[in-house]
Amino acid sequence: MKIIAADVIVTSPDRNFVTLRITTDEGLTGLGDGTLNGRELSVASYLADHVVPLLIGRDPHRIEDTWQFLYRSAYWRRGPVTMAAIAAVDVALWDIKAKAAGMPLYQLLGGASRNGIMAYGHASGRDLPELFDSIRRHLEMGYRSIRVQTSVPGLNAVYGVASQPSTGGKRYDYEPAQRTALPAEEDWDTRAYLRHLPGVFEAVRNEFGPELPLLHDGHHRMTPIEAARLGKALEPYDLFWLEDCTPAENQEALRLVRRHTTTPLAIGEVFNTVWDYQTLIREQLIDYVRSAVTHTGGITAMRKLLDFAAQYQIKSGIHGPTDISPVGMAAALHLDLAIHNFGIQEYMQHGPATNEVFRQSFTFTDGYLHPGELPGLGVELDEQAAARFPYQPAYLPFNRLKDGTVHDW
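Since this is a predicted model, take the numbers as computed values, not measurements.

Once that is clear, we can look at the side chain of asparagine 399. With respect to the element layout, asparagine 399 can be found in strand E17 (residues 398-400). Since its relative accessible area comes to 2%, asparagine 399 is described here as buried. Setting aside residues no more than four positions away along its own chain, asparagine 399 makes contact with Glu186, Asp187, Trp188, Arg221, Thr405, Val406, His407, Asp408 and Trp409.

Encoded structure:
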């Protein structure tokens, strides 16, 4: 079998997506997700201009060899653009291999390790009544675990709150990338956040009881000592995890956080290789790996990363908001189902236009996801529908402090 074509398809139903479709001489096709939120065209160009010419004539079954070729032959390794492009190729090849075998992808990864994949949803509110209503809506939708994000008094806009004003048009659930000519500017005050958040979780626990798993995303905005303070303050409310409490490029900083709190820590949605995790995993400074299949080199690389984490009793928590296309989500679900050290799966439901472009076999029932039983990933692209939604420039916001300093968003 040989690859005879590889097409890069950029479409914007609800939001921008980059999809790679690989076609073989036996008529099999495979899809891969190369979406990089706010920088989609950089990956599309990398694929079309540099990667696609290298794929023609290759054997699609040689997935490991192709991965190593694309990673090592570029010489300039790593980085989000390169790794998203490699991920798109890798997932598309796994899709083809599973279709050739006539079985769902998870069967090629060793079969199911569980019956379903526990998912968490994103509840948010500008105040407690709105937050409580959002939590109740998510419980009614079937979620059994809830991420809690809230506005902070005195701040105009805060990451993760779906109902706050947006300069980029109507949001569905929560999509921070805004269709504006320039990135939207938001404000930030860490001390106000640290004062406000523990009271929010106290109120949520009082309203919804001790059993509901609760998560929170700090979104890289705290210093290590601030993160340690928050983790300790949240201990009475028994969080499932505190996510991205501090920018983790400085891996050693997590030693300080770990010394001061027993709140479980999840890190890694902005990471793109195993090298970003070496210290964090080896020294057991985190509890959950947050990388996305789409941004971390695909299934081949993520399986190795999670096997490394398993040696230290660290579990998966794969990134899965709406900036991961249904193709990338399906890839994550097949991996979730197969690995032993699964923890939880982030899941934001896509809008109707996205579901029209990407026809999916995965299901969400009673709080659990399942990738389905169709051969391959179980996702097909409707190219005619995709063509109706051309790319639209969109940027993630950024933060400034009160004195005008640019801060981590």
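Here the focus is unusual backbone geometry. In this model, aspartate 244 sits at a positive phi of 45°, which is unusual for a non-glycine residue. On the secondary structure map, aspartate 244 appears in the loop between strand E8 (241-243) and helix H8 (253-260). On the basis of relative accessible area, aspartate 244 is assigned to the buried category, the value being 1%.

One pass over the full model with this rule turns up 15 aromatic pairs. Ring centres 5.0 Å apart and planes at 25° place the aromatic pair tryptophan 67 and tyrosine 71 in the stacked group. Taken together, the residues tryptophan 67 and tyrosine 71, both in helix H2 (residues 63-73) and 4 residues apart, mark about one turn of the helix. Classification of tryptophan 67 as buried rests on a relative accessible area of 11%.

So, on to the sheet that holds E17. An order of E6-E17-E18 is seen for the 3 strands of this open sheet, with the pairing classed as mixed. The two strands at the open ends of the sheet, each matched to only one other strand, are strand E6 (185-187) and strand E18 (406-407). Two elements, E17 and E18, share 2 bridges in a ladder whose sense is antiparallel. Of the residues in E18, the one forming a bridge with arginine 400 is valine 406.

Taken domain by domain, the protein chain holds domain 1 (3-108) and domain 2 (111-374). Facing 35 residues of domain 1, the contacting portion of domain 2 comprises 42 residues. Summing both sides of the interface, domain 1 and domain 2 together bury roughly 2,800 Å²; the carbon and sulfur share of this comes to 58%. The largest share of the area that domain 1 buries against domain 2 comes from Asp14, Asp33 and Tyr106, three residues that together contribute 26% of it. Taken together, the connections running from domain 1 to domain 2 amount to 2 salt bridges. Between aspartate 276 and arginine 78 there is a salt bridge, and its shortest N-O distance comes to 3.4 Å. Linking domain 1 to domain 2 there are 20 residue pairs in polar contact (both at pLDDT 80 or more). Broken down by element, the residue count for the side of domain 1 that touches domain 2 peaks at 8 residues, all from helix H3 (residues 80-101). Residue composition of the side of domain 1 that touches domain 2, by class: 18 nonpolar, 11 polar and 6 charged.

About the criteria used
Residues numbered from 1 in each chain as written. Predicted model: local features only at pLDDT ≥ 70, side-chain atom pairs only at ≥ 80, totals over all residues. Heavy atoms only, no water. Helix = DSSP H or I, 4+ residues; strand = E, 2+ residues; numbered from the N terminus. Buried < 20%, exposed > 50% of the residue type's maximum accessible area, 1.4 Å probe, protein only. Contact = heavy atoms within 4.5 Å. Phe/Tyr/Trp six-rings, centres within 6.5 Å; stacked < 30°, edge-to-face > 60°. Pairing = 2+ DSSP bridges. Domains from an automatic or database assignment. Buried area = accessible area lost by both parts, 1.4 Å probe. Salt bridge = Lys/Arg side-chain N within 4 Å of Asp/Glu carboxyl O. Polar contact = N/O pair within 3.5 Å; in protein donor to acceptor, adjacent residues only side chain to side chain. Nonpolar A, V, L, I, M, F, W, Y, C, P; charged D, E, K, R; others polar.

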